[in-house]
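Summary of the model geometry
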Amino acid sequence: MDPSVVLADAAENLVPARMQMALSLGWHIVFACFGIAFPLITVFTEWRGHRRDDAARLELAHTWARAMGVLFAAGAVSGTLLSFEMGILWPGLMARFGEVFGFPFVLEGFAFFVEAIFVGVYLFGWNRLSPRAHMLSAVPMIVSGMAGAFFVVAANAWMNNPTGFRLDEDGRVVDARPWAAMFGPSTWPQVTHMLLAAYMVTGFTIASVYAVGMLRGRRERRHYLGLVIPLAFAAVVTPVQIGVGDWIAKAVATNQPAKLAAMEGLFRTTAGAPLSVGGLYRDDELHGALELPNGLSLLIHHDPGGVVTGLDAFPPDERPPVNVVHLAFDTMVSLGFALLLVSAWFGWTWWRRRRIPQTPWFLRAVAVAGAASIVAMEAGWIVTEVGRQPWTVYGILRTAEAVSPAPGLYFGLYGVAAVYAVLTVLTVYVLRRLARSPDTRAPQEVDAPPPDRSTGEAAVR
Amino acid sequence: MTLAEVVLSAMFVGLIAYGLFGGADFGAGIWDLLAGGTRGGARQRDLIERSIAPVWEANHVWLIFVLVVLWTAFPTAFAAVVTTLYIPLTLAAFGMIARGAAFAFRKSISTAGMRRFLGASFALSSLGTPYFLGAVVGGVASGRVPPGIAAGDVLTSWLNPTSVLGGVLAVLVCAYLAAVFLCADARREGAEDLLRQFRARALGTAALTGAVGIVGLFVLRADAPLLFDGLTGRALPVVLLSVVAGLAALVLLWTGRYVAARAASALAVTAILLGWAVAQYPYVLVPELTIEEAAGGRTTLVALLVALGVGALVLLPSLVYLYWLFQRSVERPAAGGAARMGVTDAAAS
């Protein structure tokens, strides 16, 4: 084929392929969070229920186990699509570097397999195993969920800081060392940040469902516990996340200075750089931002006069899009602090009075916190991914070189958009139903009750 | 055996497992499609649902396993296959999503219209997905995927006689496996009428699969001579093993030994897949890219083998536990307090 035709196809495919990947990953990441954090919250509740012989807690745990089953199923199918897309959309990445960073995906395959098996065991074994055996069977589910997150984020961290290989003069990979690639400088900060984010998303989102219920006047103990238990998990994790955020920002400053400069909209390499909030970046300058003098230098170097690298240190074709990254970063940070306030409010009242704050404003805050935590997490993910541009493998492989030149590839975006629209509607519908009638079955369970025509239709309308 | 061949064999074990377990799972969906009207087919659908509910996710992880091992150990071959064949692969992935989502959500939904919509997407995607995957195999086996990114024709690589044959055979094999598996399940539940139905279907699809297989040989001779030579040459013993196992399965079905029939059917399907592998050895992409040329670095292959070994040690006992628990399938008397009672009652009602 004439090479110019191929390149034309690749250029045509680039934006749709990025959109398709963003849509697929952005959808999957929410469900992945529940796959990571929901098991522990559920099993903890079950354990407390058995310890206190408390029917409300056991019932709550069973409802959550079913919701977990639904979310896990949705996560599983969206994850399958992603493993196809890695190759279909980004063959330039996989063909060249698969032997370097493909390895954690293999381990993730195992972790996911184990989690799928034990989600099945946990749901299926609910009344078939002794409480002890049942809770023990949940341990592999909890561990493999977190391990899976480690492996996937380790692969992403490799794209940010590629290690564990050498390139020969022709740019071919020689001496691939997959273990070294898996433990690059970004791996631990990124993994920790993501794990905590998963607990925040899961905790705040479940709590928000029950907060809405309480605002609508449901005040029984089950509802109260459904708010307090997940909120407690999220509230404990949130302050830790702020500290981890500082750690990961320093890692980015060291390893990907262009990304940090974009996060802050900083053009000129500056000593005593300010911390900028908001504003729009135009013509190499951030306009209308709120500036805290010396703030950035202080955060990154713990020295008000420290030098922070700006975008001017990089040629224009190696700079990430600034506005998206900067505003996404601000969104994440400000929502993070708002969630910290909610957590502190809850923690303080609980510590002094052993109950939640009595005002409806607290319930309203928690009700919003669920969505806020998801938005914060998505914004953080945008910072990581868009901030890495124009690179797929930082400093080595451009995204434009990684994309597939296959003709017609861009049609995939429409297909994926349609499929996910339907999938989202269905998931929300089933979860809402589950919230109303807790004996709705999860996909991994058997003995489905026959369709209940008398209440079903009426309840929907 | 070289290191690369060992890794490829491990991947192929995953592919066979997907063919057997995932295949039976798709096949069950195909029978769901053919079960008849909402009322008449209800008992068949219930049996199908009970048979696959706890294991369907685990069954499909085999495919992810195959993909990730391929892209780590044979990255260039992987990239060549998925870019040239991206259309059937994307359609198969959509099928998996539609199927998984429909199956997962259908039992949580009570309105008749929604259930019917989800049931239809479950059943239709059970038919489409194995077809597209079979077409992908046909494209690879007939040498229509050259090395290089999107180097092959994105249409004729899967719209060709061998791919059609692969797709049709995949659908038939899935349906056959499912019918045989469901026979044993129906027997365990003591549902004699369902047993008779699925036995007749197993025998019917077996006959059909055999007929298509024979016609297929002529298709391959004309369309994929290299594959044909391999199948009738080096791979002939394996192909014959498949035929013998298939015939044995028929006898066992006829005489009502369903568990043994399962084993024989599994062997027959395994042998078909192995025959394909033997026929195109030593090429990953016929007739250009060999296993050794496509393989990644030694360190990567060793790391993979270690991971596969350790992973298998974790995975196999877990899988055995899942199947054991599921086959045992007795509900504990509700002894754990009012909540358990309430839940069990709700489930029973």
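All figures in this text were calculated on a predicted structure; none of them were measured in a lab. (Residues numbered from 1 in each chain as written. Chains lettered and ligands numbered in written order. Predicted model: local features only at pLDDT ≥ 70, side-chain atom pairs only at ≥ 80, totals over all residues. Heavy atoms only, no water.)

Turning to the overall build of chain A, a few remarks are in order. A tally of regular secondary structure across chain A gives 15 helices and 10 strands. With respect to the principal axes defined by its C-alpha atoms, chain A has extents near 65 × 55 × 45 Å. Counting over 461 residues, chain A shows a buried share of 60%. Long-range pairs, those at least 24 residues apart, make up 77% of the contacts in chain A between residues at least 6 apart in sequence. When the accessible surface of chain A is totalled, it reaches about 18,100 Å², and 65% of it is carbon and sulfur. Looking at chain A, you have 35 positive and 35 negative side-chain charges, and the mean spots of the two groups are 15 Å apart. (Helix = DSSP H or I, 4+ residues; strand = E, 2+ residues; numbered from the N terminus. Buried < 20%, exposed > 50% of the residue type's maximum accessible area, 1.4 Å probe, protein only. Contact = heavy atoms within 4.5 Å. Areas by Shrake-Rupley, 256 points an atom, 1.4 Å probe, with all protein chains shown as cover. Lys, Arg positive; Asp, Glu negative; His and termini not counted. Charge placed at Lys NZ, Arg CZ, Asp CG, Glu CD.)

With that settled, consider the overall build of chain B. In terms of regular secondary structure, chain B is built from 14 helices and 2 strands. Its C-alpha radius of gyration of 21 Å places chain B within 12% of the 20 Å reference for a compact globule of 349 residues. Summarising its shape, the C-alpha atoms of chain B cover approximately 65 × 45 × 40 Å along the three principal directions. Here chain B holds 349 residues, and the buried ones make up 58% of them. A sequence separation of at least 24 residues applies to 79% of the contacts in chain B between residues at least 6 apart. When the accessible surface of chain B is totalled, it reaches about 13,500 Å², and 73% of it is carbon and sulfur. Both charge centroids of chain B, one from 23 positive and one from 18 negative side chains, sit 10 Å from each other. (Rg over C-alpha atoms; globule rule 2.2 N^0.38 Å.)

This part covers a nonpolar patch on the surface. All names here are of chain B. Together, Val302, Val306, Val310, Leu313 and Val314 give the surface a local cluster of nonpolar side chains, amounting to about 440 Å² of exposed area. By secondary structure assignment, the location of Val314 is in helix H13 (residues 298-328). With a relative accessible area of 44%, Val314 lands in the partly exposed category. (Patch = residues over 30% accessible without salt bridge, like charges linked within 9 Å, V, L, I, M, F, W, Y side chains within 5 Å. Salt bridge = Lys/Arg side-chain N within 4 Å of Asp/Glu carboxyl O.)

This part takes up the pattern of salt bridges. All names here are of chain A. Under the counting rule described, the total for this entry stands at 16 salt bridges over all chains. Among the ionic pairs, Glu385 bridges to Arg388, the shortest N-O distance being 3.3 Å. In this pair, Glu385 and Arg388 are both assigned in helix H12 (residues 360-388), 3 residues apart and thus about one turn of the helix distant. Relative accessible area serves as the criterion here: at 4%, Arg388 is assigned to the buried category. Look at the salt bridges and you will find they share partners, linking Asp54, Arg57 and Arg221 into a network.

Attention now moves to helix H8 (residues 221-255) of chain A. Over its 35 residues, H8(A) extends 50 Å from the first C-alpha to the last, a length consistent with the 51 Å expected when each residue adds 1.5 Å. Of all the bends found along H8(A), the most pronounced is centred on A:Thr238 and spans about 30 degrees, while A:Pro239, a proline, follows it within four residues. (Expected span 1.5 Å × (residues − 1). Bend = angle between axes of the 7 residues up to and from the residue.)

Once that is clear, we can look at the packing of helix H5 (residues 86-106) of chain B against helix H6 (residues 112-141) of chain B. A packed helix pair is summarised by two numbers, namely the angle formed by the two axes and the spacing between the axes. All names here are of chain B. Closest axis-to-axis distance for the H5/H6 pair is 7 Å, and the angle between their directions is 150 degrees. As judged from the angle between their axes, H5 and H6 are roughly antiparallel. The chirality of how H5 crosses H6 is left-handed. On H6, the residues that touch Pro88, Leu89, Leu91, Ala92, Gly95, Met96, Ala98, Arg99, Ala102, Phe103, Phe105 and Arg106 of H5 are Arg115, Leu118, Gly119, Ser121, Phe122, Ser125, Ser126, Thr129, Phe132, Leu133 and Val136. Residues that form the contact of H5 with H6 fall into these classes: 14 nonpolar, 6 polar and 3 charged. (Axes fitted to C-alpha atoms, helices over the stretch in contact; angles between N-to-C directions. Parallel < 35°, antiparallel > 145°, perpendicular 65-115°, else oblique. Left-handed = near helix turned anticlockwise from the far one by under 90°. Nonpolar A, V, L, I, M, F, W, Y, C, P; charged D, E, K, R; others polar.)

The next point concerns the nonpolar core. The biggest cluster of nonpolar side chains holds 243 residues, and the ones touching the most others in it are A:Leu93, A:Phe97, A:Phe101, A:Trp158, A:Leu227, B:Phe74 and B:Phe105. Top element by residues in this core is helix H2 (residues 55-89) of chain A. It accounts for 20 residues. Look past the residues within four positions of A:Leu93 in its chain and what remains in contact with it is A:Gly98, A:Phe101, A:Trp158, A:Met159, A:Thr392, A:Val393, A:Leu397 and A:Ala402. Among the nonpolar cores identified, the runner-up in size contains 19 residues, and A:Leu266, A:Leu296, A:Ala328 and A:Val386 belong to it. (Core = buried A, V, L, I, M, F, W, Y, C linked by side-chain atoms within 4.5 Å.)

By the element assignment, B:Ala222 lies in helix H8 (residues 192-223). Between the C-alpha atoms of B:Ala222 and B:Ala102, which are 120 residues apart in sequence, the distance is 40 Å.

So, about the packing of aromatic side chains. Within a pair of aromatic rings, the relevant descriptors are the distance that separates the centres and the angle that separates the planes. All told, the structure shown has 37 aromatic pairs over all chains when counted by the stated rule. With 5.6 Å between their ring centres and 80 degrees between their planes, A:Phe150 and A:Phe151 make a pair best called edge-to-face. With a relative accessible area of 10%, A:Phe150 lands in the buried category. Grouping aromatic residues by their ring pairs yields a cluster made of A:Phe97, A:Phe101, A:Phe105, A:Trp158, A:Phe165, B:Trp71 and B:Phe78. We note A:Arg128 situated over the ring of A:Phe124; from NZ or CZ to the ring centre the distance is 4.0 Å. Over the ring of A:Trp391 we find A:Arg398, and its NZ or CZ is 4.7 Å from the ring centre. (Phe/Tyr/Trp six-rings, centres within 6.5 Å; stacked < 30°, edge-to-face > 60°. Lys NZ or Arg CZ within 6 Å of the ring centre and 35° of its normal.)

Compared with the 46 Å implied by 1.5 Å per residue over 32 residues, the 46 Å span of helix H11 (residues 322-353) of chain A between its first and last C-alpha is a close match. Once H11(A) finishes, A:Arg354 follows within two positions and takes phi at roughly 55 degrees, a positive value.

Right, let's talk about the state of the cysteines for a bit. Throughout this description, disulfide means a covalent bond between two cysteine sulfur atoms. Summed over the entire model, instances satisfying the criterion amount to 0 disulfides over all chains. B:Cys183 provides the cysteine sulfur closest to B:Cys174, a residue in no disulfide bond, and the two sulfurs are 16 Å apart. (Disulfide = S-S within 2.5 Å.)

With that settled, the discussion passes to the confidence of the model for chain A. Looking at chain A as a whole, its pLDDT mean stands at 87, while 92% of the residues score no less than 70. Below a pLDDT of 50 lies the segment residues 447-461 of chain A, which in the model reaches 20 contacts outside its immediate sequence neighbourhood of four places, other chains included. (pLDDT = per-residue confidence, 0-100.)

Going from A:Gln389 to A:Pro390, the amide bond is cis rather than trans, its omega being 5 degrees. Along the chain, A:Pro390 falls in the loop between H12 and strand E9 (391-393). For the bond from B:Tyr281 to B:Pro282, the omega torsion is 0 degrees, close enough to zero to count as cis. Considering the arrangement of structural elements, one finds B:Pro282 in the loop between helix H11 (258-280) and strand E1 (283-285). Residues other than glycine seldom take positive phi values, yet B:Ala150 does so here, at roughly 50 degrees. If you trace the backbone, B:Ala150 turns up in the loop between H6 and helix H7 (161-189).

Turning to the side chain of A:Arg57, a few remarks are in order. Residue and element names in this part refer to chain A. Tracing the backbone shows Arg57 in helix H2. By relative accessible area, Arg57 is classed as buried at 10%. When near neighbours in sequence (up to four residues on either side) are disregarded, Arg57 contacts Thr45, Arg48, Gly49, Arg52, Arg221, Leu225 and Ile229.

With that settled, consider the environment of B:Gly210. Residues and elements named next belong to chain B. If you trace the backbone, Gly210 turns up in helix H8. Residue Gly210 is classed as partly exposed on the basis of its relative accessible area, which comes to 36%. Put simply, Gly210 and Val243 are 33 residues apart on the chain and 8.5 Å apart in space, counted from C-alpha to C-alpha.

Right, let's talk about the packing of helix H5 (residues 131-160) of chain A against helix H7 (residues 187-215) of chain A for a bit. All names here are of chain A. Relative orientation of the contacting elements H5 and H7 amounts to 135 degrees, with a least axis distance of 8 Å. Relative to H7, the element H5 is oriented oblique. In the crossing of H5 with H7, the sense of the turn from one axis to the other is right-handed. Packed against H5, whose contacting residues are Met146, Ala149, Phe150, Val153, Ala154, Asn156, Ala157 and Asn160, the element H7 presents Thr187, Trp188, Gln190, Val191, Met194, Leu195 and Tyr199 at the interface.

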